[in-house]
Each structure stands twice: as structure tokens, then as C-alpha cells.
Amino acid sequence: MLDALLGDDSLPAAAAGDAIRRLLVLLEVADTVTRRLSLDHQLPRLIELIVEVLDADRATLFLHDADAEELFSRVAGGEGVSEIRIPQGVGVAGSVFGSGVGEIVDDAYRDPRFNPEVDRQTGYRTRSILCAPLRNRADQVIGVTQVLNKRSGRFTAGDMAVLEAISRHAASALEQAQMVERLEQARREELELLAITEAISTELHLDTLLVRIVAAATELLDAERSSLFVYDPSTDELWSRVAEGTEQQQIRIPANAGIAGAVFASGEVLNIPDAYADPRFNQEVDRRSGFRTRNMLNVPVIDRTGERLGVLQVLNKRGDRFTQVDIRRLKAFSAGIAVALENANLFSDVLALKNYNESILKSLSNGVVTLDRQCVIVKVNEAAQRVLGLSSEALVDRPAEQVFGNLNAWITRSLEFVARMGATDYHADTDLKQPDGGLASVNLTAAPFLDTEGKSIGYMLVFEDLTREKRVRNTMARYVAKEVVDQLLASGEDVLEGSSLVATVLFADIRRFSLMSETMTPRHTVSMLNEFFTEMVEVIFTRGGMLDKYIGDGLMAIFGAPIVGSADADNALYVANDMVRALGLFNTRRAGRGFEPIEIGIGLATGEVRRIGRGVKAHGTHGHRQQCEPRRSARECHQILRYARATSGDHRRRAEITRRFAPPRSDPSQRHHPADLGI
């Protein structure tokens, strides 16, 4: 290097001075590259020194970007430092980088490697070129130094030696500065990627997550559009719920179709610089959307177990093509996508299970209350709120002792027993006091709440509401026999609601009651009616009939409601006979007490009726009961009542009335025609 700078001893003083000047330049080069490890600082100053020492118009120092397979340089401009990039094998600089041998080009326009288009765009005229490789200490070519247009004459071998000396002197420092810059860039990218990944990982709703992913991928790679295709194993398809920038809400393709399908099937990254040159690309999508796809980067989304979840597709890198840096960044991003998708799917499954359990609790007729290990109420269903007479707000997040307190202290004691013994506690048909003063009859089961490993995580109370059953039993017992009530409750039917059925209606009333009551005191009248009705109702119950209502001095009974039987009409006629016999015994007792006998009229009708639940007043009591009203003909029922009042003691006329209103013999619900019994 010194020989190239100083030459031989016979050099004149001017040449020696020039050599000393070049040596001083080398010293400044050393000072420049060691003072600060920054390419933005080193490259502009080195270029200035090279231009000065070689007396040239311009110079460019290119470094190699292995990831992008390009040569790049920094140029200071009015808006800061800009970057120039060329493919690593293009032009004179690319040729020198590939060969590692410096070159002098005296006439640039005669060299086929030279691109005159650059001159036409810039208005500059390139005459000659001096180009030398930039080598590190391991003698590896890490870049190229290119000098244009020597001002005084042509570039010489001495100029080449000086340029190589400067390049060699600066190479190590430039390599270190490039490495520092890469590390800093990697750190920034990692932080940016971490921030983006954290942003999407906090989203658990799948639809919103997909929107965030494609937006983040587009921003991360400075592209125009992105799409995330998710694999659906049930249909063996790839679907994209969001196609950014289009109006399509969902796209579905076979799992092995197109470019996305090829990436999913192979599990390999696919970087396509020209989408229309690839036969797998579906151009119809562009035609429908009006979008023009230039290049594509496709990365598979793979979870930690190696299972493929989908494909992330990024379109149209802004300004250029996708590089190895883009591939590296998108692959790192896809790992975060896999975690986010797994979390979203898990959340979706948990939410579905929660909704399923909520639906079960809501549909249960039994009240369910769950408590944590501190006996604080966690969850109640609607049935529990109804039984306890409290809203969810008054129950949830409150201690059991506060909720049940002294009003239902037995429930608190039951929980204490379960907590102490770890066993289930059961209370049958127990009264539960409600805040409004009401009373509910319940069966209570208190049990420990266990996790999958059998460890206690809380407690559960199950209330079986018996209030309705007891109400039905108490109400129906006034009108039907106990056996019929048991039948009703065992059938599971709601006997207090309306329904249509075929039944036989029996009317019975006392003859000339108005005349009799005029000669009797009110107390005597009530006593006589109570005794008479009690006698007649007992007869009705013995044959499975139901007392429907009292009509002044008469009564109405139903056979076949609410439980339909095959002998309802027969039983009604049997009851009519039994009522006549019971009336004889009743009159015998009245005669012994000095009272005159009474006469009754009885009428029967069979047909379709409608049960309608409503209140009734009978014997001075109020309650809920079933009233059956003939649906076929109310006029006929009233006619039966008139006939019954006109046939006191005339059995043959009652038989004729029965024939008039009985169903035809073909009715399969009747084993005998009522009139055949001949009362």
C-alpha cells in the first residue's frame, strides 16, 4: 500500500506531497470508521474522502444485504439519508462483487453491463468507472466501492491501489457497523412483532381476531392486503371470514386448491414474485374484485404440535417484492397467530359449554344454587329464584348465612353439615319461608361440589318445589277421590290447565227446595244442605267421579275428567242408582228426627267437554278447581237439568232422558249404552 502511495525514491517533491496527502486521507479514514459504528455516519464521510483523494465526480460504497440478495448504499439528501438498492448481480458493481476483482472502465457506454437509463433519469453523464471489491479480514467480499468520472485524465492502477487500500482499511469497521445496525433492526422488529402479537393475543372472539390479524400482517410487511385462511376439518376446506378490502364476508376453497391450498398441503413458505405467472393463481378473484395482485407471500400457520391451522397470505409488497426479511418476520408472526387462534377456539368452546350449562340450568324445574368454599352464592337458576322468592341480584355474591339467615336457618345448618362431613344432606317435604311471607314446600338436597379430581370446590343446593303438588292434592281432594288425585299427579299432566276430552256430566238437585226453605230457618237450611251434599259427594267419589260445582240446591259432577276411563258413562249411571239408594237412607234419618223427606232429580249427558281452570265458591270456601263445561251444546245441558227437575221419582222417564243425551253405541269409549242399565 505504501509503495502504491509513495512510489520510488526518484519521485519529485510534488508527487511525494500527493502521496503524503493520500496517506493523511487513510488516517482520516481510520479515524472516521473507528469513531462511530454507524453506517449513516461512516458511508457519507468515506465517500467524500474517496472523491477527494481520487479527484473524481462521484463515488458510491455498496454493502451486501444477504437476506435480500441486494447491494445497498446510503445517500445523504435534502430530506435525510435515503437508500439505494440494486440486485447483487446487476451492473459493473454487481459483476465486481461476484468476481471479487476490481475493474477500470474507461468508457461506460461501451460496457454492456452499464445501464444508461440511470443517466437519462438523473441527467448525469457517466464517462469512466473505477470499481473495487470491499473485503473483510477473512478476505470475504462484503461490498463494492464504485467511483465515477476522474476529473483529470483516466483512472490508473495507482487509483485502484488507493481505492483498495481505503476499502480494506474501512471494511472491518463497516462490517461491524452493519452488524450493529442489523442487531438494532432485529431488536426493533422483535419489539414491533411482540407488540402486534400481544395485541392480537388479547382478542378472544374469533371474528374480531381475524380482522386484527390481517390488518397487522398488512402493516407488518408494508403490503396492500392480507387474508387468513383457516382450516375446517369437518369439510376439509380453507375458509377466510375476512378478505381485507373486499365486500366478501367468507371465502371457502378446498384444502388443496390454489396457492393457499398448496402452502397448506406442503407446510412450506411460498414467495411468488409474479402471481399471474403462476398457474395455481385464480385470476377470477381479481376480476370480480377489481384488485390487481402483483406478488404474494404465503406462510403456513402451524401450532406447537406441528398441526397446520391455516395459511396467512399477504399481497403486493409496496414498492418492491417480498424479501427474506419479510419471510422471516411473517413466519415469526404466524407462530403468534397459531397461539391466538388456539386461545380463541378454546374460548369459543368454553363459551359454548357455559351457554350449554346455562341452558340446562334455565330449563330445570328444580331450583339450583351453587356456592363456593366460603359458602358465598355463585350461581342461581330461575327456578331457584322463584322458589326462594328472591332475585338473582339479591342472591349472587352473598353469603348463605346472610341470604337464608334466621328465616330459613335449617338450610345454613344443612350446609354446615355438608362442609363438615363431606356428605350429602337431604330434607324431605320441608317448609321454606319466603321474604314476602309466603310458604313453599320443598325437598332439599345439599351436596359438596367436586372438581374432576374429586376435590371439593364448593357446595350445591337443589330445591324440588312441592308447593304445586300439595296445592293440587289439597284442591282436587275436595272434588275427587284420593285415588284419582294420586293418578293425576302420577300422570304428570297439568290438571289445573284447560284441555278437551269426552266426559259424562251428572246433574242432581232437590225438588221443591224453594217451598221447603220457606218453612225452615237459615241455620236448619244450611245444615240440611251440608248433610245432603256430603252424602251425595261420597257416592260420587266411590265411582271415580269429580265434583264440579254446587248450584244452589243442586250439584254437578263429571265422570271422565280429568282422568278419562273406558267406563265413565257406566260409572255415572251406577252413581245415579247409588244416589237414589243413599237418598232413601238420608230420608229415613230425617224422618227419625221429625223432618219431611226430600226428593231429587238426576240428569246425565255424555259428550266432548272443555276443562277450564278458574276460582269457585263452595260451602263457604274458596279454592282453585276444574269446571267442566259441555262444548257440544250448552242448550242440551240446560235441557237435561230441566228434565231432571221434572222427573222426581220417575225412573223410567230418567232412562228416557239418558237415551236422549247418551252417545251412540258405536262410540268405542263406552262399554255399555247408559240406557241399557235401565234405571
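Basis of the calculations
Residues numbered from 1 in each chain as written. Predicted model: local features only at pLDDT ≥ 70, side-chain atom pairs only at ≥ 80, totals over all residues. Heavy atoms only, no water. Phe/Tyr/Trp six-rings, centres within 6.5 Å; stacked < 30°, edge-to-face > 60°. Buried < 20%, exposed > 50% of the residue type's maximum accessible area, 1.4 Å probe, protein only. Lys NZ or Arg CZ within 6 Å of the ring centre and 35° of its normal. Salt bridge = Lys/Arg side-chain N within 4 Å of Asp/Glu carboxyl O. Helix = DSSP H or I, 4+ residues; strand = E, 2+ residues; numbered from the N terminus. Pairing = 2+ DSSP bridges. Axes fitted to C-alpha atoms, helices over the stretch in contact; angles between N-to-C directions. Contact = heavy atoms within 4.5 Å.

Would you take a moment to explain the packing of aromatic side chains for this structure?
Both the distance between ring centres and the angle between the ring planes are used here to describe each pair of aromatic rings. Going through the model one piece at a time under the given rule, you end up with six aromatic pairs. Seen in terms of ring centroids, Phe532 and Phe533 are 5.5 Å apart; in terms of plane orientation they differ by 55°. Their pairing is tilted. Just as Phe532 is buried, Phe533 falls in that class too. Taken together, the aromatic side chains of Phe532, Phe533, Tyr550 and Phe586 make up a single cluster linked through ring pairs. It is Arg58 that lies over the ring of Tyr124; its NZ or CZ is 3.8 Å from the centre. One cation-aromatic arrangement involves Arg292 over Tyr276; the distance from NZ or CZ to the ring centre is 3.7 Å.

Looking at this structure, I do not really get the pattern of salt bridges. What am I missing?
For the structure shown, the criterion picks out 26 salt bridges. Between Arg85 and Asp65 there is a salt bridge; the shortest N-O distance is 3.0 Å. Taken together, the positions of Arg85 in strand E3 (residues 80-87) and Asp65 in strand E1 (residues 56-65) put the pair 20 residues apart, joining distant regions of the chain. When its relative accessible area of 35% is taken as the criterion, Arg85 is described as partly exposed. Asp65 gets classed as buried once you look at its relative accessible area, which sits at 11%.

When you look at the sheet that holds strand E10 (residues 270-272) in this model, what are you seeing that I'm missing?
Two pairing modes exist for strands in a sheet, parallel and antiparallel, and in both the strands are linked by backbone hydrogen bonds. Here we have six strands laid out as an open sheet, ordered E9-E8-E7-E12-E11-E10, and antiparallel in their pairing. This sheet does not close on itself; its edge strands, each paired only once, are strand E9 (251-254) and E10. Geometrically, the sheet is characterised by an average inter-axis angle of 20° between neighbouring strands, direction not taken into account. Note: E10 against strand E11 (residues 296-302), three bridges, orientation antiparallel. Counterpart to Leu270 in the pairing with E11 is Asn298. Lying over the sheet, helix H8 (residues 258-266) contacts strand E7 (223-232), strand E8 (237-240), E9, E10, E11 and strand E12 (308-317), oriented at roughly 135° with respect to E12.

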